[in-house]
Structures are given as C-alpha cells and as structure tokens.
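Here are the chains, one letter per residue:
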Amino acid sequence: MNIGSISRLTLALGLSAVALSLITLVGLPTPLQTIAAIAVLVLLPGQALARLTQVTDIALGALLVLALGLAALTVVSTAMFYLAVWSWQACVVSMGVITVLACMARARQEATT
Amino acid sequence: MTGTLEATTRTKERWKSREAWCALAGVVSLALAVGAASTVTAPVDNDLGLVAVLPYPFWAGVLILNVAFVVALRGDAAGPARRPVMIWLVVVLVLVLFGTAAFVTDIPRGEIAFRHLGIADALSHTQGIDPDIDGYFNWPGFFALLSTVLRATGLDPVALALWAPVLNMGLWLAALAVLTGYLTRDPRRRYLALWLFCLGNWQDQDYLSPQAFGFFLHLVVIALLLGPLAARAPQFRGFRRADLAAWWRGRSPAEPRPGYRVGALVITLLLITVIVASHQLTPFMLLIGVTALTLSGRVWPSRLPLITIVVLTLWLAYPASAYLLGHPPLADAGLEAATEANVLDRVRGTDGHVLVVQVRALLTLVLWGLAAAGAWRDWRRGRLDIRVVLLAVTPLLLFPAQVYGGEMLIRVSLFALPFIALQACSVLLPTDGSKLSTVGSKLPADGSKRRSYLAADDSKRRSYLAAGGLALTCVLLAVLTVTGRFGNARYDVFTHDEIDAVAAMQRLAPPGSAIISAAHPTPWRSEAYLDHRSRTIEDLCRSDLSTARCGPLVYDYARRSTAGAVLLITRSSEASLVLQGVRGAGGFSELEKWLGAQNGVELVFSNVDARVYRVTP
C-alpha cells in the first residue's frame, strides 16, 4: 500500500482517534473530557465508518456520522454488558480501535483507486 | 412562472435586510420566551398546566417567531430565505417549545427520565445484564449506551435529562430534514414540514428514553430506504398475477452505484439491530413501514422485511425471552381494549385535565385533517406520493395490536407525524410554492399595463392572505402544542422540596427495604435502582384508595418487608391522582393520619411539598 495515496483526512481521523482515546483515558477537566469523549466515542468512529460508504450527499453523510457513531457505541456497550466485561475505558479503547480499523479499510480503498 | 424569474438587485438588497429582520425576530422571540418562562415558579398550581401560567411575553415571542418564519418562508420568487436564517428559526422554535420546562426549572420533568438514569447507573455498577430484573433489562441497548456516555464524558446525568428533549428534537429534525429531501425538492415544503413537525409534537416522547433514541434511528433507516436504497417502480397495471409479476420485475434501483447500495444496506441492518435491542415497540413500527414501502415497489432490497422479522424474532426468542414469558405480546390485543385504554380511560379527571386531553386530540385531528385535505389535493393534481401516504397511515395498524399501557395512540401519532406534517404542507402551501411570495416578480413590459397591474394586485392580495392564513395556523398550533405538551405540569414539574424528600428517602431506606410512593409521578430511583423493591399506593390499592381499605394494605405491605420500608408522599403524586380523577381534593391527609397512628410508623422527614415515613418491620 502506498502511504502517499492515503488522504490527509483518513490519516487525521486515525491519529485523532488514537490521541483522543489516550487523552480520554487519562482524564481531563469536565468540559474538555466531555468533548474528547463524545469525539472519540461517537463522532470519530461515525465519520470513519460513514467514509467507508460512497455517500456523496453532505446532509446524509453528516446524519450517518451521528447515527453510525451512536449505533456502533450501542453495539459495543451492549455486547460488553452481555459478556460481563464492560467498563467505560474498555468502550473508549474499542471505539478507538474501530475508528483506526475503519481508517485502514478506507486507506486500502484510497490506495486501490 | 414566477419561480423562473430572477430578483432584481434592488429586491435582493431589500431581501437581505428582510432576512436580517427575520433572524433578529428569532433572537427577540427567544429572549421573550426564555425571559417569560424563567419567571414561572414551580409548583405549577393549575390544572391546565404551563399554558395557564406562562406570562404574555412568552406568547408574544411565539407570535413573533411564527410570523418571522412565514415571512422567511415566503422569501422571494427565487425561494425562501437563505438556509442559515431558516435553520436559526427552527432552532429557536425547538428551544421555545421543547426547552420551555428547562427555563422554568432545573429539574427534569416527569418520573421516567429519573428511572432511566437509575437503570443506566445500575448497569454500570453490576457490569452485566440480568434479564429477570424487569423489562428494561430485556432491551438494554439504549441504557448500555447511556451508561457508557455518562461515565466516559463525566456529564451531569440530571442536566442531560433536563435538556434531552431539545437534543432529541435536534436529532429527529436532522433526520427529518434529510428524509424530506428525498420526498420533495421544494425547499418551502421541507422547511414547513419541519416546522409543523415541531408544532404537532405534543406527544412528549422526547425525554431521555429508549423510544426517543429508537425514533431517531427509525427516521434514519427510512431516509436510507427513500435515498440510496430506493427503487423506481414501473407504472402499475393491475392486480392480475402476470401484471404484478411484470411490475415487480420491472423495478430498478434509483442509486446506480452498487457499492453505495451495499454500504447503505449494511448500515440499515446495523441500525435495525440496534433498534431491536433498544426498544420494544419501535422495531414493529419500523417493520410495518419497511414492509409497506417494499410492497409499494419503492425499496430495492426486497428481502429487508424478512431480515427485519428474523432479527426481531431472534431477539424476542433469546435476550427478551425472560420478559415475554410473563407478558405475552398479544395478551391485551383488540380494537375495543385499545380504544378503552387509549381514549376512554384518558378522558377523565378534573375539568382542566379533560380540556388538556381534548386539546391533544384536537391538535392531532387538525393535523390529520390538513394532511387528508393535502392528500386529496395532490391526488386530484396527479402528484400524490404514495410513500408519504403509506408512512403516515401504516403506524395505525399497530393500534389494535397492543394496549401498550394506554400509550399506543400517542406512539402511533408520533410515528405518523413526520409524514402527516409533510402531507399537510400540500394544503397549507399554494400548489406552486413560489406563489406564496410575489416579491421579485416582474410585470410584463408590453401593453395592457392596467390589466397587468390589476392581476398583480390580485396576486399580491392572495399571497398576503395565504401567508396570513399560514401564520395564523402556525400560531394556533403552537398554542395547542404548548397546552397539550405541558398540560400535566401540575404533577410532572417537580419542586426542589420534592427532590430533597426523595434524597432523604433514598438516604433513610436501608438496602433491601421497600420504598413506597403515593403515585407514579415521583422523581425517584435514579440511584440504587436495584437496592429496593418499589411500589406505589396506587398500585397496591388499585381502584379503592379509601383509607379504610387502602391503609391496612399499605401498612401490611410495609411491615412485611424484613428490611423495613420508607413511605414518601409528595405534592406532585397527590396532584396527579386528583387531576386524573382517581382521588378527591383531600389527597392522602386522612391516610397519613391513620398510618401515623400505627405501631412502628414515624415521620422522619417533612417539608412544604413532601413527607417521608419510616415503617419498621
């Protein structure tokens, strides 16, 4: 895979997911923690997953970011509760991993096109 | 015709200042509404709820906002005002209609949001799911999400519950804006549909709840079905088998890119799974909508209803089986039972409360009537969109299937509302949306000037009449919505004294003890959800709340609890029983007097709005 063919947005999403996951786990003062956690739990995974589809409509794309982010977090949290392994830190790590994996899949798409 | 004419530079300049005035009107109406609502103090001592105590500046704000919206919607011949202005006005409407209670008090309205916070708290403590606890633990998706969000973000749960109606309406409107984009290209119709959706939303289902989350995902799924997963159906030729087969085979995907369709289908399946795991009713509403759209030939993946049924059945058979064993889903089905629980049982209580219930019914009927007239008008012009009709009507099919605690009609009207609002636009807007405005239209330069001026005058008069009628309709709907939505404020707006009493009760009740409240609107169980058995006097005594019969029942129940019991009587719970006609104006004073005289019962906390009694076993 040619790194140069990967878009800046894909790289930025992946790196932001890693950085914000770590920051959220370490902890921040309340308003910043809220922003970081919402980004890493909902917005970044939603954006990374929505970019895997070929959605071109900006409004639908923005809606899918929210819907996919919330749906993915619901699936991850519910599965963890059923498996009795839930902790919010584990959810943060899982959503970070999902974002990075989605960015890698997107990078492969970009490399092949 | 006017839609094709370009506005002159002078008109553009004038229009820019008009847009600025509309935006400013939004600021003024928000300031008026917020200022007026914040002068109201809890408790709300009126059977009509907030509508009777909100001061006139609130209504001035509502009036200004609706007039500004209609002016912005009129716009000019090129279309309505620019997008930021329209979106700003919708934001203000959401804050005015759905944030009103949050400007009155900093305590979330109603009991259920508190309970939902308690379930999320319980999940995060147990870190596992026991489906035998209660129904909520059979559909834990939303609560799992809530637990994670609250713990990871550090948000104040009560603040989240307080502002949940505004947040949920924002999510619903975002989904609806995308969805309506696939149903109409007319921006005026889209903005008016959003506006009417807000004005008709008296159902009060936007609090912190699984159904609000499920409804958002439901709208996103419908948007995907109408967008990337849509199909073009050939002309329908009849019901003969060969015609039907040819019609079905003649469908083609509206989206040409197969990869995009597959991606949209995967997202749809994910959202359906989350809806199924989060709420009991929403998947059935979705199934009906998906099936109707598929059978109309307008959805490309034809097996989607079947997949939905499989996912739903698997969930009911495994994770939700514990609940279904004790609650067969069709046990209380039937039109008669549904009518009695959803309509007849609700039209009782004090005069004020009955009036509020009638206003809710009137508002629903007005919107349905407008939608029916709009459908008739579209049909006569050959422009009726069968998808809108199907999505508006099909939720009604669930009405006789389940009583749903007397709330089925409320849910049916909510799921139909987006499409009822869109269909109502057909009668509230002129056939050609641009005729709502005459601004920017040019007079012909050739002869017959006088006739042209007369025609222009007539057109202008009609345009002003149409706009005035629309503004009046919107204002009336707003008044009806505030009445219906906040009609229970006497008992679902809590005071700080009541919250203090609940905190005292939770502090005084040892783990394993029973906690008893007078009736259901009690802001309790937001903490230690699993630590106590909770009942209400209303539940224990059923139909007879007289002291002679009810007193011994409550006392025996409390005394039988080996870890003891704590009894809470609040102003709001008493008011709910009085308002709904279950008990007389005297409340529980006689019952409290009787209980206070019994062995092992002592008053341990009291303030203006609440008393807490401890019962030792």
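Residues numbered from 1 in each chain as written. Chains lettered and ligands numbered in written order. Predicted model: local features only at pLDDT ≥ 70, side-chain atom pairs only at ≥ 80, totals over all residues. Heavy atoms only, no water.

**Digging into the overall build of chain A**
What counts, and what does not: Starting at the N terminus, helices and strands are each numbered in turn, a helix being any DSSP run of H or I of at least four residues and a strand any DSSP run of E of at least two. Put simply, the radius of gyration uses C-alpha atoms, and a globule should come to 2.2 Å times the residue count raised to 0.38. Accessible area is worked out with a 1.4 Å probe on protein chains only. A residue is then buried under 20% of its type maximum, exposed over 50%, and partly exposed in between. Residues count as neighbours in contact if any of their non-hydrogen atoms are within 4.5 Å of one another.
Scanning chain A for helices and strands turns up 4 helices and 0 strands. When the helices and strands of chain A are read in sequence order from the N terminus, they spell out α-α-α-α. The C-alpha atoms of chain A give 14 Å as radius of gyration, which agrees with the globular expectation for 113 residues (13 Å, within 12%). Dimensions of chain A along its principal axes, counting C-alpha atoms only, are 40 × 25 × 25 Å. Taken across its 113 residues, chain A has 46% of its residues classed as buried. By sequence separation, contacts in chain A at least 24 residues apart represent 63% of the contacts at least 6 residues apart.

**Quick look at the state of the cysteines**
Residues and elements named next belong to chain B. Quick reminder of the rule: Only a pair of cysteine sulfur atoms within 2.5 Å qualifies as a disulfide here.
For the coordinates displayed, the defined rule picks out 1 disulfide over all chains. Note on cysteine connectivity: C541 is disulfide-linked to C550, with sulfurs 1.9 Å apart. Between C541 and C550 the disulfide shows an S-S torsion of about 80°. By sign, it is right-handed. Judged by its relative accessible area of 0%, C550 is buried.

**Some points on helix α3 (residues 58-82) of chain A**
Residues and elements named next belong to chain A. Cut-off, in case you're wondering: Multiplying 1.5 Å by the helix residue count minus one yields the expected span of that helix. Two N or O atoms form a polar contact when they lie within 3.5 Å of each other; inside protein one atom must be a possible hydrogen donor and the other a possible acceptor, and for residues adjacent in sequence the pair counts only when both atoms belong to side chains.
Compared with the 36 Å implied by 1.5 Å per residue over 25 residues, the 36 Å span of α3 between its first and last C-alpha is a close match. The element α3 is extensively covered by neighbouring structure, given that 18 of its 25 residues are classed as buried. The residue sitting at the N-terminus of α3 and contributing the capping side-chain oxygen is D57; that oxygen lies 3.1 Å from the backbone nitrogen of A59. Positive backbone phi, at 55°, marks A84, one or two positions downstream of α3.

**Remarks on the sheet that holds strand β3 (residues 514-517) of chain B**
Strand pairing within a sheet occurs via backbone hydrogen bonds; the two strands may be parallel or antiparallel. Residue and element names in this part refer to chain B. Inclusion rule: Whether two strands pair comes down to DSSP finding at least two bridges between them. Interaxial angle, 0 to 180 degrees, is taken between N-to-C directions of lines fitted to C-alpha atoms, where a helix line uses only the stretch in contact.
Taken together, 5 strands build an open sheet; the order of strands is β4-β3-β5-β7-β6 and the sheet is mixed. What marks the edges here is a single partner per strand, and that holds for β4 (533-536) and β6 (601-607). Across the sheet, the mean angle from the axis of one strand to that of its neighbour is 20°, orientation sign disregarded. As judged from the 6 bridges shared by strand β5 (residues 565-570) and strand β7 (residues 610-615), these two strands associate in the antiparallel manner. When the sheet's bridge partners are listed, T570 is paired in β7 with A610. Along the sheet, helix α21 (residues 496-508) contacts β3, β5, β6 and β7; its crossing angle with β6, the most-contacted strand, is approximately 145°. Across the sheet, helix α23 (residues 547-560) is in contact with β3, β4, β5, β6 and β7; its angle to β3 comes to roughly 160°.

**Quick look at the packing of aromatic side chains**
Residues and elements named next belong to chain B. Rules: Only centres within 6.5 Å qualify two rings of Phe, Tyr or Trp (six-membered ring in Trp) as a pair; their planes then separate them into stacked at under 30 degrees, edge-to-face at over 60, and tilted for everything else. By definition here, charges over rings are those cases where NZ of Lys or CZ of Arg is within 6 Å of the ring centre and within 35 degrees of the ring normal.
Under the criterion given, the structure shown has 20 aromatic pairs over all chains. Here F69 and W195 contribute two aromatic rings whose centre-to-centre distance is 3.8 Å and whose plane-to-plane angle is 5°, an arrangement assigned as stacked. Of the two residues, F69 is situated in helix α2 (residues 56-74) and W195 in helix α8 (residues 187-199); the sequence distance between them amounts to 126 residues. Judged on exposure class, the residue F69 and its partner W195 are both buried. Measuring from ring centre to ring centre gives 6.5 Å for F197 and F215, while their planes differ by 20°; the resulting arrangement is stacked. Of this pair, F197 sits in helix α8 while F215 is found in helix α9 (residues 210-226), placing the two residues 18 residues apart along the sequence. The burial state of F197 is the same as that of F215; both residues are buried. Counting every residue linked through ring pairs, the aromatic cluster contains Y136, F142, F143 and F213. Taking the ring centre of Y529 as reference, the NZ or CZ of R525 above it sits at 4.2 Å.

**So, the packing of helix α17 (residues 386-393) of chain B against helix α18 (residues 408-428) of chain B**
Between two packed helices, both the angle of their axes relative to each other and the distance between the axes serve to describe the pair. All names here are of chain B. Spelled out, the test is: For any pair of crossing helices, the crossing counts as left-handed if the nearer helix is rotated counterclockwise from the farther one by less than a right angle, and right-handed if it is rotated clockwise. When residues are sorted by character, Ala, Val, Leu, Ile, Met, Phe, Trp, Tyr, Cys and Pro go into the nonpolar class, Asp, Glu, Lys and Arg into the charged class, and all the rest, Gly among them, into the polar class.
Axis separation between α17 and α18 bottoms out at 7 Å; the angle between their running directions is 145°. Classified by chirality, the crossing of α18 by α17 is left-handed. Contacts between α17 and α18 involve V388, V389, L391 and A392 from the former and F415, A416, F419, I420, L422 and Q423 from the latter. Of the residues belonging to the contact of α17 with α18, the class tally is 9 nonpolar, 1 polar and no charged.

**Focus: the interface of chain B and chain A**
Where interface size is given, it is often the accessible area lost as the parts come together that is meant. Heads up, the condition is: Buried area: the sum, over both parts, of the accessible surface (1.4 Å probe) that disappears when the two are put together.
Every contact between the two is made by 42 residues of chain B and, on the other side, 34 residues of chain A. Interface area for chain B against chain A, summed over the two sides, is near 3,000 Å², with a carbon-plus-sulfur share of 78%. The three residues of chain B that bury the most area against chain A are Q127(B), T148(B) and A152(B), which together make up 18% of that side's buried surface. Counting every contact that joins chain B to chain A gives 6 residue pairs in polar contact (both at pLDDT 80 or more). For the side of chain B that touches chain A, the secondary-structure elements that each account for two or more residues are α5 (112-126), α6 (141-153), α7 (157-181), α9 and α11 (258-278) of chain B. No other element matches the 10 residues that α6(B) contributes to the side of chain B that touches chain A. Here the residues of the side of chain B that touches chain A sort into 28 nonpolar, 12 polar and 2 charged.

Shape is all these values report; function is a separate question.
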